[in-house]
Structure formats: structure tokens, C-alpha cells
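Reading the structure
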Amino acid sequence: MSDLLERLRRRGWRLTSQRRVVAEVLDGDHVHLTADEVHARAVGLLPEISRATVYNALGELVALGEVAEVSTDGRAKRYDPNAHHPHHHLVCSGCGLIRDVRPAGNPLGDLPVGERFGFTLSGAEVTYRGLCPACAA
């Protein structure tokens, strides 16, 4: 069973066949699919699943905090099931590929006190940009 499915079971989220398929599609490392990509893959597993059902399930998963929405460069939102494991993103400026990265250090601690403007920090989202090997070639 996937990590996401197990988390949803522990929370008591009702796992209909449609919700299960959406969770299965999102399972894995470095998964950052758009809603349309989730729908296309879900149809391969459950042909009768509707686009609206996929969007509703994604919205519920985000509201539960089990999946994170990731937006980069004005492109379509992507859905990241790795919401419970602190990480940053490495984004290809060419094709939009997104990889999860876990650099050493603490981004909250790396921001100098003088640059915090009195804010009490609660989180940081860091995005590294560059070209993936395929685009760089």
C-alpha cells in the first residue's frame, strides 16, 4: 500500500474507488502531476472517472494537508504527495520537470535577522532553477 493511501486510511478518509485511484496515481517519489495528468492516468485505471471527480479529490487532499499544490513560473498547478516530508524543488526552466531535493541546512535559519523585518518565520519554500540533462543537451 502506498504511503499516501496509508495516511488517508489512518485519517479515516472514505476511500471510494475514485478517491483510491487518484491517491494511487499520486503515489511515488518526485510526483508533481497537473490535474489533467492525474485525470489521464486515473482514466487508465478507472475509465469512468470524471474530470470533476479528480478535481474534487485533489481539492480535498490539499485541504487535508496530505497533498501540496506546487506552482512554478505561472504554469499549471501541480500536486505533490510528499507533503509530510520537508523538501524544496528543483525546476527545469526548459521543460518544467520538477524534482524534490533536500539540501543540507535550514532555510529559516539562513535568512539573516535583519532581512526578516520583524516577521516570525513559520516556513520557507525554496525553488532551484536550471536545465535538466535532456534540455541542457
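Here the structure is shown first, and the text comes after it.
First, a word on what this report is: a plain description of the structure on this page. As the structure is a prediction and not an experimental result, all values here were calculated from the model.

Some thoughts on the sheet that holds strand β2 (residues 68-70)
Taken together, the three strands give an open sheet; going across it, the order is β1-β3-β2, and neighbouring strands pair in antiparallel fashion. Either end of the sheet is taken by a strand with one partner, and the two such strands are β1 (33-34) and β2. Where β2 lies against strand β3 (residues 78-80), three bridges are found, and the strand directions are antiparallel. Following the sheet pairing, Val70 is matched in β3 by Arg78.

Quick look at the pairing of strand β5 (residues 98-101)
Burial along β5 is one-sided: the residues Ile98 and Asp100 are buried and none of Arg99 and Val101 is. Relative to β5, strand β4 (residues 88-92) runs antiparallel, the two sharing four bridges. For His89, the partnering residue across the bridge sits in β5 and is Asp100.

Things to note about the pattern of salt bridges
In the structure shown here, the tally under the stated rule is nine salt bridges. A salt bridge links Glu66 to Arg7, with the shortest nitrogen-to-oxygen separation between them at 2.5 Å. Here Glu66, found in the loop between α4 (51-64) and β2, pairs with Arg7, found in helix α1 (residues 3-11); they are 59 residues apart in sequence, far enough to count as distant. Comparing Glu66 with Arg7, the two get one shared label, buried. One salt bridge in this structure joins Arg51 and Asp36, with 2.6 Å as the shortest N-O distance. Of the two residues, Arg51 is situated in helix α4 and Asp36 in helix α3 (residues 35-45); the sequence distance between them amounts to 15 residues. When its relative accessible area of 41% is taken as the criterion, Asp36 is described as partly exposed. Among the ionic contacts, a cluster of salt bridges with common partners joins Asp3, Arg7, Arg11 and Glu66.

What counts as what
The residue count restarts for each chain, going from 1 along the sequence in the order it is written. Whole-chain, interface and lining totals are the exception, using all residues; otherwise, since this is a predicted model, local features are given only for residues with pLDDT of at least 70 and side-chain atom pairs are given and counted only at 80 or more. For the side-chain quantities, the full set of heavy atoms in the structure was used; hydrogens and water were omitted. Only strands that DSSP links by at least two bridges are regarded as paired with each other. Runs of H or I in DSSP of at least four residues are treated as helices and runs of E of at least two as strands, each being numbered from the N terminus. Burial classification: accessible surface area is computed with a 1.4 Å probe over protein chains only, and a residue below 20% of its type maximum counts as buried, one above 50% as exposed, and the rest as partly exposed. Every case where a carboxyl oxygen of Asp or Glu lies within 4 Å of a side-chain nitrogen of Lys or Arg is listed as a salt bridge.

Scope: geometric values only; no functional claims are made or implied.
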